[in-house]
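Notes for the structure review
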Amino acid sequence: MQTIVAPSLHPSHRNPGHPLKLVVLGDSLIYGFGDPEGGGWVERLRRQYMLPDSPGHVLYNLGVRGDGVKQVEERLEHEFRRRGELRNRVPDAIILSVGVNDSARVGRPTGRNYTDFDSFQQELANLLNQAQRLCPVLFVGMVPVDETKMPFLDCFYYTHADQYRYKEATRLACLRRQIPYLDIFDVWMNRGTPWWTKQLSSDGLHPNVMGYRALLEDVLDWEPFHQL
């Protein structure tokens, strides 16, 4: 797995040791669907930050189920500008996680992608460029799906081949902009099928309780996250 540490990950406008304000935008992987126990990896992290001995960072979970890259791009700045908490302040960093919904085939296994690949690349570029103009950015990639459980909602066909194509486009777009990218797809796949299939809900798309625990551990073990 290759990650690039952006030199802008140390915001000059905040004091060392001052609690961070982070906005986390994306799809159901951010929302935490599939984890009735802990509410997903973002919610689990938010709760950790409320413990007495924590640094007290503030997380805003801005995940929306079903969102694709275009929907996240459309709401990014509006959401960001309203999460500063204090007057004339804005959040310190943005964490993005989106793309799996864009990769789905609609109606049949050989149907069109939900978001055409060329359109996805352009909208992704718009999203990343806009986010970088606002503050430092991190990107958390998608988890692998269980192809044997498709179609999802009797309509959407997710495959590893499509996932790989869209996540690689995302990884390379982040690489060009020196945005750290956590390649969850590769990390989980490399742990083997018996492992990652146990981390998914019965729908084959969303992580389960164990999956979100593992995802949080992966984020917490990721060096760029600690450089915020």
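Model, not experiment: these values are computed from the prediction.

Attention now goes to the overall build of the protein chain. What the protein chain contains, in helices and strands, is 10 helices and seven strands. Rg of the C-alpha trace for the protein chain: 17 Å, near the compact-globule value of 17 Å for 228 residues, within the 12% margin. Counting all 228 residues of the protein chain, 56% fall into the buried class. For the protein chain, the proportion of contacts with a sequence separation of at least 24, taken over those separated by at least 6, is 75%. Accessible area for the protein chain stands at about 10600 Å²; split by element, carbon and sulfur atoms hold 49% of it.

Right, let's get into empty space enclosed by the protein. Using the criterion set out here, one finds two cavities of 30 Å³ or more in the structure. Considering only enclosed or pocket space, the largest cavity measures out at about 170 Å³ in volume. Those elements that place two or more of their residues in the lining of the largest cavity are α1 (28–31), α4 (100–103), β5 (137–140) and α6 (160–176). Residue classes in the lining of the largest cavity are distributed as 10 nonpolar, seven polar and two charged.

Turning next to the nonpolar core. Judged by nonpolar contacts, the single largest core of 29 residues is most densely connected at W41, V140, W188 and F225. Broken down by secondary-structure element, the contributors of at least two residues to this core are β1 (21–26), α1, α2 (41–48), β3 (93–97), β5, α7 (184–190) and α9 (209–220). If one sorts the elements of this core by residue count, α9 sits on top with five residues. Judged by nonpolar contacts, the second largest core, of 27 residues, contains Y60, V69, L96 and F120.

The five strands are arranged β2-β1-β3-β5-β7 in an open sheet whose pairing can be described as parallel. Pairing within the sheet leaves two strands with one partner each, and these edge strands are β2 (58–63) and β7 (181–182). Bridging between β1 and β2 involves six bridges; their strand directions are parallel. Bridge pairing in β2 links V23 to Y60.

In this section: the environment of S103. You can see S103 is positioned in helix α4. By relative accessible area, S103 is classed as buried at 1%. Spatially, the C-alpha atoms of S103 and Y166 are 6.3 Å apart, while their sequence positions differ by 63 residues. With residues up to four places along the chain from it excluded, the contact list for S103 reads N113, Y158, D162, Q163 and Y166.

Right, let's get into unusual backbone geometry. Put simply, M150 and P151 share a cis peptide bond, and its omega is 10°. If you trace the backbone, P151 turns up in the loop between β5 and β6 (156–157). Even without a glycine there, the phi angle at D154 is positive, about 60°. In this fold, D154 is placed in the loop between β5 and β6. Taking the relative accessible area as the measure of exposure, D154 reaches 72% and is therefore exposed. Notably, Q178 is not glycine yet its phi reads approximately 60°, a positive angle. You can see Q178 is positioned in the loop between α6 and β7.

Our next topic: the pattern of salt bridges. Any two side chains of opposite charge can pair, so long as their charged atoms come close to each other. Enumeration according to the criterion identifies 17 salt bridges in this entry. Here E43 makes a salt bridge to R46, at a shortest N to O gap of 2.8 Å. Placement of both E43 and R46 in helix α2 is noted, with a separation of three residues, approximately one turn of the helix. R46 sits in the partly exposed class, given a relative accessible area of 30%. One connected set of salt bridges, linked through shared partners, spans K167, E168, R171, D183 and D186.

Let us now look at the packing of helix α5 (residues 117–134) against α6. Taken N-terminus to C-terminus, the directions of α5 and α6 make an angle of 35°; their axes are 10 Å apart at the nearest point. As for how α5 packs across α6, the hand of that crossing is right-handed. Residue-level inspection shows F117, F120, Q121, L124 and L128 of α5 in contact with α6, the latter providing R165, Y166, A169, T170, A173 and C174. Taken together, the residues of the contact of α5 with α6 break down into eight nonpolar, two polar and one charged.

About the thresholds
- Residues numbered from 1 in each chain as written.
- Predicted model: local features only at pLDDT ≥ 70, side-chain atom pairs only at ≥ 80, totals over all residues.
- Heavy atoms only, no water.
- Helix = DSSP H or I, 4+ residues; strand = E, 2+ residues; numbered from the N terminus.
- Rg over C-alpha atoms; globule rule 2.2 N^0.38 Å.
- Buried < 20%, exposed > 50% of the residue type's maximum accessible area, 1.4 Å probe, protein only.
- Contact = heavy atoms within 4.5 Å.
- Areas by Shrake-Rupley, 256 points an atom, 1.4 Å probe, with all protein chains shown as cover.
- 1 Å grid on protein atoms, 1.4 Å probe; cavity = no way out; pocket = protein on both sides within 12 Å on 5 of 7 lines; lining within 4 Å.
- Points joined across faces, edges and corners; volume = space filled by probe spheres on them.
- Nonpolar A, V, L, I, M, F, W, Y, C, P; charged D, E, K, R; others polar.
- Core = buried A, V, L, I, M, F, W, Y, C linked by side-chain atoms within 4.5 Å.
- Pairing = 2+ DSSP bridges.
- Salt bridge = Lys/Arg side-chain N within 4 Å of Asp/Glu carboxyl O.
- Axes fitted to C-alpha atoms, helices over the stretch in contact; angles between N-to-C directions.
- Left-handed = near helix turned anticlockwise from the far one by under 90°.

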